[in-house]
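Observations on the model geometry
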Amino acid sequence: MRILKIQTLRGPNYWSIRRHKLIVMRLDLEDLADKPSNEIPGFYEGLVEALPSLEGHYCSPGCRGGFLMRVREGTMMGHIVEHIALELQELAGMHVGFGRTRETATPGIYQVVIEYLNEEAGRYAGRAAVRLCQSIIDRGRYPKAELDQDIQDLKDFWRDASLGPSTEAIIKEAEKRGIPWMSLPARFLIQLGYGVHQKRIQATMTNNTGILGVELACDKEATKRILYANGVPVPRGTVINFFDDLEEAIEYVGGYPIVIKPLDGNHGRGITLDIRTWEDAETAYEAARQVSRSIIVERYYVGRDHRVLVVDGKVVAVAERVPAHVVGNGRSTIAELIEETNQDPRRGDGHDNVLTKIELDRTSYQLLERQGYTINSVLPQGLMCYLRATANLSTGGTAVDRTDEIHPENIWLAQRVVKIIGLDVAGIDIVTDNISRPLRELDGVVVEVNAAPGFRMHVAPSQGKSRNVAGAVMDMLFPNEQSSRVPILSITGTNGKTTTTRLLAHIYKQTGKVVGYTTTDGTYIGDFLVESGDNTGPQSAHVILQDPTVEVAVLESARGGILRSGLGFEAANVGVVLNVSADHLGIGDIDTIEQLAHLKSVVAEAVFPNGYAVLNADDHRVAAMAERTKANIAYFTMNPDSELVRKHIQKGGVAAVYEHGYISVVKGDWTHRIERAENIPLTMNAKAPFMIANALAASLAAFVQNVTIEQIRAGLRTFRASVSQTPGRMNLFNLGKYHALVDYAHNPASYEAVGAFVRNWNTGQRIGVVGGPGDRRDEDFVTLGKLSADIFDYIIVKEDDDTRGRPRGSASDLISQGINQVKPNSRYESILDETTAINKALDMATDGSLVVILPESVNRAIKLIKLRGVIEEEIPKQTINEIPNSQNGLPPSSVVNIIP
């Protein structure tokens, strides 16, 4: 077997709207293409020996052991690889269950689709599954050592990708509230929400967290001084920078017992508590110096360690932190008890799990000695032995929830402390024997104030109630259910995507909002280009959604991006599908129009239930997408007598209709006439039907998003098919004695659309410079030739500079073949170089002629035209025949009032 390609999907996709995280592996079974599993000697036995847990896979039989039943009876290797890849992730602690396997149009080549939680782990699992199968086929087994290594590697991927318990708690709360999130490529930043409504977090710091508060909290001595000045009880202490000052500092704080800790440490690093001798003080000083140049010497206060969490000025949780310890059973040594305690599945390395494994250090052995034990001592039944002086969870401590016990005066004090320091989220460390009594009564003290406090002791305490502290953070960031999203309008289709995207963005600009939009020619925010290029995939969508100025996102969503990565968002407010016709077939295992329609339907399906799928009622494949989406439906049609639209309106639906020469929106008994098509520059005096259809779609998408009729009308009137607004989309140039038209038509449907305009040119010659991308099917080129023969008086066949693997001249020959099939006596010639072909067409144009250029490079074509001395870009009404309007309006019963 051979893996041909592995792709990672991260959003709604061809395989699933709900399951966004999928690996798609293109797998060539090679000599196993015709060999099911039951024909491979020993394969079933070797597989069961390696992965007996596959017994839990149901598969199509729908019962436990169903998958292994299929293997025993005979199934193809691609299907087996799918199940193994899923099971390997399960064994590594990643719970996944979605998978699909489909044979492509090429016999023996399969698409194997598996769910993942971590990208690297998912890709690894796919490769490991192929290795495992191949090993059983070749050797009859998969060595246990190799399987163990695979699972360990997967566990490592999962651990390394962990965001930490605090961040994950916030993300889970965001997901519960329907707030989108994404990782940003710097400093472990997480973005919550989209565009102008976004907030950012880094661990438990937020964009509300002030730098002054963080700096003050990190300087523990400065924190203590400012709290002391405000009457807050704090430990007596001082800061030293040299060892020679240690003895004097101890005297200053009142002698032993003392605490020595680094000035700017965290997570308990470098801290030594309850120091009672000079020798221990020397050792503690050196340990603190490993973390910080400046050292704090404080009086040690006896009492229980508490963490009080304050969010947005309110106490939301309190936990008592108990230092790492073991409890004797009368049989085991302390070392054995530590090992047994670390077997708790809740314990992991660092901050990965709810609890951290206990590890001993210098202070641990000192503490054992002080208690009269060694690591080999056997503790009596029920006796507790402390292994750390500090109570941090990161050093193996545990937590007991005390939220319901804290005294009201202590709540007031904690909230006041946080306001003094100036933090939105803070953890206050308090030492007192009883948190349910005021600190002043028990000589309790505020030891520290921590910026970015950990949440895990509150989210998953060892004892007591779990507290939804992440909910308090979300309430602060998004108060009163404040919106976290900007409207997303997604546009797809075979033709017209870029024009419709630009038009819709232009209409939205009439509302005064900042619009971010992506197209095949670039990413834009407002009136400015962010990045040029074909930017219709998820990465470009993220650029828009991450921008803090964007108020509306209008995203062109092309087939390539959906296939490669899925959509760049979980759901849109409006999904527009313009049309589906033959294009790019045979690429990416999309071989039929039906498969292409299924791919495009992702845009219609990935819409919120209260949003709208805007569908072309005149395209039966698009109209059928209404059955696949849970969103509201809005149709647009060039046919005012459309039975589908009539029934839809009668049921209370909304539609955009081209009627009596108007772009109109119909809802119930009302017809909102927006504008006459001939007054909309994009429609070229209402003589470009496909542009009218684009205007209908854009107007309807804006209307269902509550853009006013007046704003839509203003957008339609001021948007032109010009180089500046729609480069390569029906750009018409007046060169004095003749005109030139540039359009990026490259498939049969777009040739037909351009032809509908060109056929109405009634002066001079209609000269076409035609071609198509080299990766299209042979029959597609023949069709382009047939259409060209029917549209143009004279044809120049050229080829793209990038033939995309096709032999030079092949595409030209096929187009010529199509021309001859329709009109054997057609006037045409082949000039493969695009620049030469364009110049030849422009040179031969006679008075009144129209030169239509369908280029690979729009910019190059426009530059060549402008070298000829363009008078202006225009819509030459005098050269175009009137096209009689066949529309007769909507049935009278559906029109009660016309709003001009």
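Each remark here, short or long, concerns the structure printed above.
The sections below set out a description of the structure shown in this document. (Residues numbered from 1 in each chain as written. Predicted model: local features only at pLDDT ≥ 70, side-chain atom pairs only at ≥ 80, totals over all residues. Heavy atoms only, no water.)

Some details on the pattern of salt bridges
This structure, assessed with the given rule, holds 58 salt bridges. With a shortest N-O distance of 2.6 Å, Asp429 and Arg307 are connected by a salt bridge. Taken together, the positions of Asp429 in strand β20 (residues 425-432) and Arg307 in strand β13 (residues 304-311) put the pair 122 residues apart, joining distant regions of the chain. We note that Asp429, like Arg307, is buried. The salt bridge partner of Arg806 is Asp778, with a shortest N-O separation of 2.9 Å. Of this pair, Arg806 sits in the loop between β36 (794-797) and α27 (810-822) while Asp778 sits in helix α26 (residues 778-791); the two residues are 28 residues apart in sequence, bridging distant segments of the chain. Judged by relative accessible area, Asp778 falls into the partly exposed class, the value being 41%. (Salt bridge = Lys/Arg side-chain N within 4 Å of Asp/Glu carboxyl O. Helix = DSSP H or I, 4+ residues; strand = E, 2+ residues; numbered from the N terminus. Buried < 20%, exposed > 50% of the residue type's maximum accessible area, 1.4 Å probe, protein only.)

Some points on the sheet that holds strand β4 (residues 109-115)
Pairing in this open sheet of four strands is antiparallel, and the strands run β1-β2-β4-β3 from one edge to the other. In the strand order of this sheet, the two ends are held by β1 (2-9) and β3 (99-103), each with one partner. Sheet twist, expressed as the average angle between the axes of neighbouring strands with direction ignored, equals 15°. Across seven bridges, the pairing between β1 and strand β2 (residues 22-28) is antiparallel. Looking across to β2, one finds that Ile6 is bridged to Met25. Where helix α3 (residues 77-91) meets the sheet, it contacts β2, β3 and β4, and its direction lies at approximately 20° from that of β4. Docked against the sheet, helix α4 (residues 119-139) engages β1, β2 and β4, running at close to 160° with respect to β1. (Pairing = 2+ DSSP bridges. Axes fitted to C-alpha atoms, helices over the stretch in contact; angles between N-to-C directions. Contact = heavy atoms within 4.5 Å.)

Overview of the nonpolar core
The tendency in soluble globular proteins is for nonpolar side chains to be buried side by side. Among the nonpolar cores identified, the biggest contains 73 residues, and Leu504, Val554, Leu741 and Val758 are the most heavily contacted of them. Considering each element in turn, this core owes the most residues, ten residues, to helix α23 (residues 689-703). In this structure Leu741 touches Met730, Asn731, Leu732, Val754, Phe757, Val758, Leu850, Val851, Val852 and Ile853, once residues within four positions along its chain are discounted. Counting residues in each nonpolar core, the second largest holds 50 residues, with Val486, Ala597, Leu599 and Val603 among its members. (Core = buried A, V, L, I, M, F, W, Y, C linked by side-chain atoms within 4.5 Å.)

Some remarks on the pairing of strand β12 (residues 295-299)
Across the five residues of β12, four count as buried, placing the element largely inside the fold. Direction of pairing for strand β9 (residues 237-240) relative to β12: antiparallel, over a ladder of four bridges. Paired with Gly237 across the bridge in β12 is Glu298. As judged from the five bridges shared by strand β10 (residues 258-262) and β12, these two strands associate in the antiparallel manner. Within β12, the position partnered with Pro262 by the bridge is Ile295.

A word on the packing of aromatic side chains
This model, assessed by the stated rule, comprises five aromatic pairs. For the ring pair Tyr14 and Trp15, a centre distance of 5.4 Å and an interplane angle of 85° mean the geometry is edge-to-face. Note on accessibility: Tyr14 and Trp15 belong to one class, buried. Within the aromatic cluster, the residues linked to one another by ring pairs are Phe243, Trp278 and Tyr285. The ring of Tyr124 has Arg131 lying over it, and the distance from NZ or CZ to the ring centre is 5.5 Å. The lysine or arginine in question, Arg676, covers the ring of Tyr662, its NZ or CZ lying 5.0 Å from the ring centre. (Phe/Tyr/Trp six-rings, centres within 6.5 Å; stacked < 30°, edge-to-face > 60°. Lys NZ or Arg CZ within 6 Å of the ring centre and 35° of its normal.)

Here's the deal with the side chain of Gln191
Looking at the secondary structure, you find Gln191 in strand β6 (residues 190-192). Judged by relative accessible area, which is 0%, Gln191 ranks as buried. Within the structure, the side chain of Gln191 is placed 2.8 Å from the backbone oxygen of Gly193, a separation counted as a polar contact. Those residues in contact with Gln191 that sit more than four places away from it in its chain are Pro180, Trp181, Met182, Leu184, Gln198, Lys199, Arg200, Leu545 and Gln546. (Polar contact = N/O pair within 3.5 Å; in protein donor to acceptor, adjacent residues only side chain to side chain.)

Observations regarding the sheet that holds strand β7 (residues 199-202)
Pairing within the open sheet is antiparallel, and its four strands lie in the order β5-β6-β7-β8. Every interior strand has two partners, whereas the edge strands, β5 (181-183) and β8 (205-206), have only one. As judged from the two bridges shared by β7 and β8, these two strands associate in the antiparallel manner. Residue pairing in the sheet places Ile201 in a bridge with Thr206 of β8. Relative to the sheet, helix α6 (residues 165-176) contacts β5, β6 and β7, its axis offset from that of β6 by approximately 25°. Sitting on the sheet, helix α18 (residues 538-546) is in contact with β5, β6 and β7, with an inclination near 110° to β5.

Honestly, that's just the spatial picture; any functional story needs more than this.
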